[in-house]
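For reference, the chains in residue letters:
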Amino acid sequence: MTATALYQFHQAYSKQTLHTQLSAWALAQMELETLKFRNDLALYLADDSSNTQSLLLAYDILWSRYDTFLSSRETAAMRRAFNAQPIVQRAFRLIQRHEQAVLNENRAQLQALLNEMDIVLPQIRNLMVNNFTGPAAIEQRAFLDQQIKVMYTAMFILTLVLIYFAFRLYRNSSKQQELAWQDRLTGLPNRNYLLDCLYNAAQRNLIHTLILIDIRRFKDINDLMGYEQGDTALMKLANQLNNICLPYGYPCARISSNEFAVLAYSDGRHLSFFTQPLCDSLRHAIDSVYPGHRLSLAIGIAKSLDIDAHSVRNHWQLANQLLNNADLALMRPSKPRSQKTVLTLLKHSMNKKRNNVVGSAMS
């Protein structure tokens, strides 16, 4: 919009400049042709043997110039400027009145015409001078220059306003995207982001394992120590989880109030190199906030290889099925209270029921 406005303004400015140049050329030509006729007339009167052909040619050219200036549509603006129309009309009537004198070579009337031309010529010359350097011309050029400055200032302000609103739109869009994909408290991705990662992994046929982490009896922190302390615990857990997953490039997310998830791009058979440090680190983070033996970690693991690809219709269903399997692993019967970390693997067998659960504990 800014570029279009500038282009339109420059087009108008160019037309105005062209009109000014044409006006100057037309007035200059009229002044030169008036001067030429006056000089030819003076030479004719000074020499009795002079040929009238040159005088008649200059007379015809000047007649045509005056007539064009007074009747042409292109010179309408020039006629209105500098009070030009009355001056040119006076000069035109003068040569019209002496037409017969020019044709009949009446020297007495031609001498009177020369005297009157000497009066009209300075007025016509002033039209050209005013067009170039007169107060009106200077004022017109100053007005055009001022309009250019105003236009550029307006376009600059408009551009700044557009940039500001574009920035606001971008910031609001980024904020909306952040709300849609990120957990506000911990800064980790949320459930929607996790499902999207699962969908992408399924779409690319990547072997992956989903790890769900549940903090059992986390409500006790909120009830006994306050929600602020509970939020602090969640943020510490989120930081620890992110620090562990980042070197491996595993996405992690907070999918509910006290439940986290990790997507490991592995078949799960040799995942202890990751799960053991994960359990120890999260256990330490919990104990640093709420020391004691009441809280425990439950970890449910589900593998994409354990899902029959023929039993799901699309990648979204595969992603949701894997998440449901990890949830089922978390819901297995509780282990003894002395056990502070419980890890459960949900395994699918083609020869048994679809959701056969094999539980194992790690203290």
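Since the model is a prediction, treat every value here as computed from it, not as a measurement.

Asker: Hey, could you run me through helix α2 (residues 52–71) in this one?
Answerer: Since the α-helix turns once every 3.6 residues, residues separated by three or four places project in the same direction. The terminal C-alpha atoms of α2, which comprises 20 residues, lie 28 Å apart, in line with the 28 Å expected from a rise of 1.5 Å per residue. When we look at burial in α2, the residues that qualify are Thr52, Leu55, Ala58, Tyr59, Leu62, Tyr66, Phe69 and Leu70. Across the axial projection of α2, the buried residues extend over an arc of 125°, all falling on one side. Residues of α2 that are exposed and angled more than 90 degrees away from the buried face: Gln53, Leu57 and Ser71.

Asker: What is the right way to look at the packing of aromatic side chains in this model?
Answerer: Given two aromatic rings, one states the distance between the centres and the angle between the planes to describe the pair. Applying the stated criterion to the full structure yields 12 aromatic pairs. Taken together, a centroid distance of 5.5 Å and an interplanar angle of 65° make the contact between tyrosine 164 and phenylalanine 165 edge-to-face. Under the relative-accessibility criterion, tyrosine 164 is labelled partly exposed at 42%. For phenylalanine 165, a relative accessible area of 51% translates into the label exposed. When the centroid spacing of 5.5 Å and the interplanar angle of 20° are considered together, the rings of tyrosine 248 and tyrosine 250 count as stacked. Given the relative accessible area of 39%, tyrosine 248 is considered partly exposed. A relative accessible area of 11% places tyrosine 250 in the buried class. Above the face of the tyrosine 44 ring, arginine 107 is positioned so that its terminal group lies 4.5 Å from the ring centre.

What counts and what doesn't
Residues numbered from 1 in each chain as written. Predicted model: local features only at pLDDT ≥ 70, side-chain atom pairs only at ≥ 80, totals over all residues. Heavy atoms only, no water. Helix = DSSP H or I, 4+ residues; strand = E, 2+ residues; numbered from the N terminus. Expected span 1.5 Å × (residues − 1). Buried < 20%, exposed > 50% of the residue type's maximum accessible area, 1.4 Å probe, protein only. Arc of directions from axis to C-beta. Phe/Tyr/Trp six-rings, centres within 6.5 Å; stacked < 30°, edge-to-face > 60°. Lys NZ or Arg CZ within 6 Å of the ring centre and 35° of its normal.

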